[in-house]
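# Structural description and commentary
Each chain, letter by letter, is given below.
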Amino acid sequence: MSAPFLPLTRPTIDEETIAGVADVLRSGWITSGPKVKELEAKLSEYFGGRPVRVFNSGTCTMEIALRIAGVGPGHEVITTPLSWVATSNVILEVGARPVFVDIDPVTRNLDLDRVEAALTPATRALLPVDLAGLPVDRDRLYALARRHGLRVVEDAAQSMGSLWRGRRIGAAGDFVSISFHPNKNITTIEGGALVLNDEREAKLAEQYRLQGVVRTGLDGMEVEVVGGKFNLTDVAARVGLGQLPHLEEFNRRRRELARAYFECLDTPALRELGLGLPPADFSQTNWHMFQVVLPEERLTIRRADVMAKLQTAGIGSGVHYPAIHLFAVYRRLGWKEGDLPIAERTCRNILTLPLFPAMTRADVQRVAEALTAVLLAHRR
Ligand SMILES: *Cc1c(COP(=O)(O)O)cnc(C)c1O
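Residues numbered from 1 in each chain as written. Predicted model: local features only at pLDDT ≥ 70, side-chain atom pairs only at ≥ 80, totals over all residues. Heavy atoms only, no water.

## Examining the side chain of Asn349
Tracing the backbone through its elements, the reader meets Asn349 in helix H13 (residues 341–349). According to the relative accessible area criterion, Asn349 is buried, its value standing at 5%. Leaving out residues up to four positions away in the same chain, Asn349 has contacts with Val292, Val293, Leu294, Glu296 and Arg303. (Helix = DSSP H or I, 4+ residues; strand = E, 2+ residues; numbered from the N terminus. Buried < 20%, exposed > 50% of the residue type's maximum accessible area, 1.4 Å probe, protein only. Contact = heavy atoms within 4.5 Å.)

## Describing the side chain of His325
Examined against the element boundaries, His325 turns out to sit in the loop between helix H11 (303–312) and helix H12 (328–331). In terms of polar contacts, His325 uses its side chain to reach the side chain of Glu344, at 2.8 Å. For His325, the contacting residues outside a window of four places in its chain are Pro81, Phe100, Tyr330, Arg331, Trp335, Lys336, Asp339, Leu340 and Glu344. (Polar contact = N/O pair within 3.5 Å; in protein donor to acceptor, adjacent residues only side chain to side chain.)

## Considerations on the site of the ligand
Within the structure, the ligand sits among 16 residues, and Gly58, Thr59, Asp155, Ser179 and Lys184 are positioned closest to it. In this structure, Ser179 approaches the ligand through a side-chain N or O atom, which is 2.7 Å from an oxygen atom. Relative to its free-state accessible area of 380 Å², the ligand is covered by the protein chains to the extent of 93%. At the level of secondary structure, the elements contributing two or more residues to the shell around the ligand comprise helix H3 (58–68) and helix H4 (86–93). (Near = heavy atom within 4 Å. Areas by Shrake-Rupley, 256 points an atom, 1.4 Å probe, with all protein chains shown as cover.)

## Let's talk about empty space enclosed by the protein
Taken as a whole and judged by the stated rule, the model has two cavities of 30 Å³ or more. The space that makes up the largest cavity amounts to roughly 110 Å³. Lining the largest cavity are Thr107, Arg108, Leu131, Ala132, Leu134, Pro278, Pro279, Thr285, Trp287, Met289 and Gln291. Grouping the amino acids of the lining of the largest cavity by side-chain chemistry returns seven nonpolar, three polar and one charged. Two domains each put at least three residues into the lining of the largest cavity: domain 1 (15–244) and domain 2 (247–377). Of the voids in this model, the second largest cavity is the one considered here, and its volume is about 60 Å³. If you go around the second largest cavity, you meet 13 residues; those closest to its centre are Arg10, Pro11, Thr12, Lys184 and Asn185. Grouping the constituent residues of the lining of the second largest cavity by class yields five nonpolar, five polar and three charged. A domain split of the lining of the second largest cavity shows at least three residues from each of domain 1 (15–244) and domain 2 (247–377). (1 Å grid on protein atoms, 1.4 Å probe; cavity = no way out; pocket = protein on both sides within 12 Å on 5 of 7 lines; lining within 4 Å. Points joined across faces, edges and corners; volume = space filled by probe spheres on them. Nonpolar A, V, L, I, M, F, W, Y, C, P; charged D, E, K, R; others polar. Domains from an automatic or database assignment.)

## Some words on the packing of helix H9 (residues 247–265) against helix H14 (residues 361–377)
H14 packs onto H9 with a crossing angle of 35° between their chain directions and a minimal axis gap of 9 Å. Here the hand of the crossing between H9 and H14 comes out right-handed. Of the residues in H14, those in contact with Arg253, Leu257, Ala260, Tyr261, Glu263, Cys264 and Leu265 of H9 are Arg361, Val364, Gln365, Val367, Ala368, Leu371 and Thr372. Residue classes in the contact of H9 with H14 are distributed as nine nonpolar, two polar and three charged. (Axes fitted to C-alpha atoms, helices over the stretch in contact; angles between N-to-C directions. Left-handed = near helix turned anticlockwise from the far one by under 90°.)

## Notes on H14
For an α-helix, the turn length of 3.6 residues means that residues three or four places apart are oriented alike. Its 17 residues place the ends of H14 24 Å apart at the C-alpha level, agreeing with the 24 Å of an ideal helix rising 1.5 Å per residue. Among all positions of H14, only Asp363, Val364, Val367, Ala368, Ala370, Leu371, Thr372, Val374 and Leu375 are buried. If you follow the buried residues of H14, they end up packed against H9, helix H10 (268–273), strand S12 (290–293), H11 and strand S13 (350–353). (Expected span 1.5 Å × (residues − 1).)

## What to know about the pattern of salt bridges
A full pass over the atoms with the stated rule returns 26 salt bridges. Between Arg147 and Glu116 there is a salt bridge, with its nearest N and O atoms 2.6 Å apart. Of this pair, Arg147 sits in helix H6 (residues 138–148) while Glu116 sits in helix H5 (residues 115–118); the two residues are 31 residues apart in sequence, bridging distant segments of the chain. Relative accessible area serves as the criterion here: at 53%, Arg147 is assigned to the exposed category. On the basis of relative accessible area, Glu116 is assigned to the partly exposed category, the value being 38%. (Salt bridge = Lys/Arg side-chain N within 4 Å of Asp/Glu carboxyl O.)

## Overview of the packing of aromatic side chains
By the definition in use, this model includes 10 aromatic pairs. Residues Tyr46 and Phe47 carry aromatic rings whose centres are separated by 5.1 Å and whose planes lie at 85° to one another, so their mutual orientation is edge-to-face. When its relative accessible area of 11% is taken as the criterion, Tyr46 is described as buried. Relative to Trp335, the ring of Phe100 lies with its centre 5.1 Å away and its plane at 80°, an arrangement referred to as edge-to-face. You can see Phe100 sitting in strand S3 (residues 97–100) and its partner Trp335 sitting in the loop between H12 and H13, a full 235 residues away along the chain. With relative accessibility at 4%, the residue Phe100 sits in the buried group. Aromatic ring contacts, followed pair by pair, group Tyr261, Phe262, Phe282, Trp287 and Phe290 into a single cluster. The ring of Phe55 has Arg209 lying over it, and the distance from NZ or CZ to the ring centre is 5.5 Å. Sitting over the face of the ring of Phe282, Arg259 holds its NZ or CZ atom 4.1 Å from the ring centroid. (Phe/Tyr/Trp six-rings, centres within 6.5 Å; stacked < 30°, edge-to-face > 60°. Lys NZ or Arg CZ within 6 Å of the ring centre and 35° of its normal.)

## Considerations on the sheet that holds strand S1 (residues 52–55)
One open sheet accounts for seven strands, arranged S1-S9-S8-S5-S4-S2-S3; its pairing is mixed. Looking at strand neighbours, the two that pair on one side only are S1 and S3, the edges of this open sheet. Direction aside, the axes of adjacent strands within the sheet are offset by 25° on average. Inspection of the sheet shows strand S2 (residues 76–79) paired to strand S4 (residues 123–127) by four bridges, in the parallel sense. For Ile78, the partnering residue across the bridge sits in S4 and is Leu126. With respect to the sheet, H4 is in contact with S2, S3, S4 and strand S5 (151–155), its orientation differing from that of S3 by roughly 145°. (Pairing = 2+ DSSP bridges.)

Read these as layout, nothing more, since geometry by itself doesn't imply function.
Okay, structure coming up:
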């Protein structure tokens, strides 16, 4: 009688893509090759003709962007504490220091009003995140960058298909990093893309992607930078080629489901309780996630127990994310509780509800009813 388990998210992959993957596997060329080139060309077209290179993760695209920007030891990069830890790990990876700035409690993104106070002569770049796909204010971001001569690496891992003033995220700006992890709005299983400014940067990105190697003629090879092993396979690229044509339809569906969440959760009882809802943005965000913030002081139940009760009701939920600056690696650098109070409070209470294109309106209703019942039964 009970409904099947509703996961937090699930990719939608059509049969044509599955058949296409089988063709690649049979073709005799399965690692980086023609499918990678085709995906790069399609993405470049999607991003208004800017150069694009693809990689085997979203994480490495940010590391490579920082390397191309010349960010390294002795430098600081301003970023948000509310993200997947990859965002700041890449700053450490290139030898620079992450400087966390508190978030805006409404957008849950980096609070641009606080950035200037965090700048030092060592600051080289800004690394903001479009959390849940909600775009950081690009006008203010780039005004700040220009005023202080800083590079920008946009962690747009979650905002594929989001818009800023009607223009696609990635079609403008400095470095723009996208992830194709299975949880993201489109996937290559694992993978990512970096939108760059010119062909010189694109060539460098290719070098950092594969051991720094540059080939000339049939037998010539040079290595001028220390690169890694970050190339995407043709098998993965074929998955991406099958996903990209569905991006708009997937995002439209996500928007409809997000609207349904507002209809079910923006109720007098939950408003009175103080449940935090995301900004009701239906023109810019791709609704990568639907996240609520629990009103901790009004509840007798902790987030983990809310999640356990949802789980018992057959509903998955998730935490995106714990505050980065409170992880051991970052505490060792001197960050501590109380440094970023808005992010800390949000990270303690944020809860991601199921949202993916194959979900139905009835699924949303089921989640909302279960969450409402748990919260109202544990009012303080
Ligand atoms: C997914 C994600 C990444 C990393 O992408 P991978 O493809 O998993 O390496 C980085 N930042 C944010 C905000 C993400 O959501």
